[in-house]
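# Residue-level structure breakdown
Here are the chains, one letter per residue:
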Amino acid sequence: MHNAAFAKAGLDYVYVPFHVRPDDLADAIAGFKAINVVGINVTLPHKQAVIRSVTSISREAELIGAVNTLTFVEGNIYGDNTDAPGVLKALEEDGNMSVPVGENAIVLGAGGAARAVVVALALRGVASITIANRTVEKAVSLAEEMDRKTGVSMQGMGLTVRESKLLVNTATTSMDVTQPLLISADWLQPNTIVYDIVYTPPVTPLMQAATERGCQTLGGIGMLVHQGAIAFEKWTGVTPCTQTMRQAL
């Protein structure tokens, strides 16, 4: 999607993958800096370890505890996490939906993606967040950490969902159409926005069940596009054509 956007904008850039072993991470970052690479995306398993290599870190990345975007500027390395703002842009621009400020939101899952979603919602102004996960201990641990970091009331629990204006799924089990839903579809109410950040398949079983119960739904392709577009602009100073990026995906 980045190369399609570079071509569309007439920019002489290229986006290519590099396989970097954990023990070589610091050397790789120093190498990218030395040869004047403008920026990189960082994927698992490096999102936490790379923080040691940055000059400064954004508030979102600090709260999430992970960096997915580095920008090299005049000898400095800036670390960001574009997932959090990408979540909000997809919800508000693609879905034409609003974060329920002052209301409760529910997040399914307690992994890395959940951390980004929780931070995004907390900074946008929800009153409280319930983190529901199959392993209750992980949900409780994440809720306690994020409650402390953000000042927003959070609760960790098992997969029993109460009524909420917004439900965001971050659990990758949505990718497997043969698996049962993590939650009972009967718990979905027509006034609930159901946002599944999983983008394969485009319509997940959770989204299908929510649609059948009158909920507004949104899939994950928009988050993938927007987090990439935010990184693109940080690197180039140019706002990319997100439609071009979406078509490439």
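Everything that follows concerns the structure shown earlier in this document.
Summary of the structure given here. (Residues numbered from 1 in each chain as written. Predicted model: local features only at pLDDT ≥ 70, side-chain atom pairs only at ≥ 80, totals over all residues. Heavy atoms only, no water.)

Next up on the list: helix α1 (residues 2-9). Within α1 the residues assigned to the buried category are H2, A5 and F6. The arc enclosing the buried residues of α1, seen along the axis, measures out at 105°, which places them on a common side. Away from the buried face of α1 by more than 90 degrees, exposed residues A7 and K8 are located. Where α1 is buried, its residues meet β1 (39-41), α8 (221-236) and α9 (242-248). A positive backbone phi angle near 70° is found at G10, which sits one or two residues after α1. (Buried < 20%, exposed > 50% of the residue type's maximum accessible area, 1.4 Å probe, protein only. Helix = DSSP H or I, 4+ residues; strand = E, 2+ residues; numbered from the N terminus. Arc of directions from axis to C-beta. Contact = heavy atoms within 4.5 Å.)

Here we take up the packing of helix α4 (residues 83-94) against helix α5 (residues 112-124). Orientation of α4 relative to α5, taken along the N-to-C sense of each, is 65°, at an axis distance of 8 Å. Viewed along their axes, α4 and α5 adopt a mutual orientation that is roughly perpendicular. As α4 packs across α5, the resulting crossing turns out to be right-handed. Residues D83, A84, V87, L88 and E92 of α4 form the contact with α5, whose participating residues are A116, V117, A120 and R124. The residue makeup of the contact of α4 with α5, split by class, is six nonpolar, no polar and three charged. (Axes fitted to C-alpha atoms, helices over the stretch in contact; angles between N-to-C directions. Parallel < 35°, antiparallel > 145°, perpendicular 65-115°, else oblique. Left-handed = near helix turned anticlockwise from the far one by under 90°. Nonpolar A, V, L, I, M, F, W, Y, C, P; charged D, E, K, R; others polar.)

What follows covers unusual backbone geometry. What is expected of a backbone is that most residues other than glycine have negative phi and most peptide bonds are trans. Cis geometry is adopted by the peptide bond preceding P45, which originates at L44 and carries an omega value of 10°. Of note, P45 is situated in the loop between β1 and β2 (56-57). Of note, E74 is a non-glycine position whose phi angle comes to about 50°, a positive value. Inspection of the secondary structure assignment puts E74 in the loop between β3 (69-73) and β4 (76-80). Phi angles above zero are rare outside glycine, and N96 is one such case at about 50°. Mapping N96 onto the fold places it in the loop between α4 and β5 (104-108).

Attention now moves to the nonpolar core. In this structure, L91, L121, I129, I131, M154, L166 and Y195 are the most contacted members of the largest nonpolar core, which totals 37 residues. With eight residues, α5 is the largest single contributor of residues to this core. For M154, the contacting residues outside a window of four places in its chain are V118, A122, I129, I131, A143, M146 and D147. Among the nonpolar cores identified, the runner-up in size contains 14 residues, and A28, V42, F72 and I77 belong to it. (Core = buried A, V, L, I, M, F, W, Y, C linked by side-chain atoms within 4.5 Å.)

What follows is about the packing of aromatic side chains. Overall, the coordinates contain four aromatic pairs when judged by the stated rule. Where F18 meets F32, the ring centres are 5.4 Å apart and the plane angle is 65°; that geometry is what we call edge-to-face. One end of the pair, F18, is in the loop between α1 and α2 (25-34); the other, F32, is in helix α2, with 14 residues separating them in the sequence. Note on F18: relative accessible area 57%, which makes it exposed. For F32, a relative accessible area of 12% corresponds to the buried category. (Phe/Tyr/Trp six-rings, centres within 6.5 Å; stacked < 30°, edge-to-face > 60°.)

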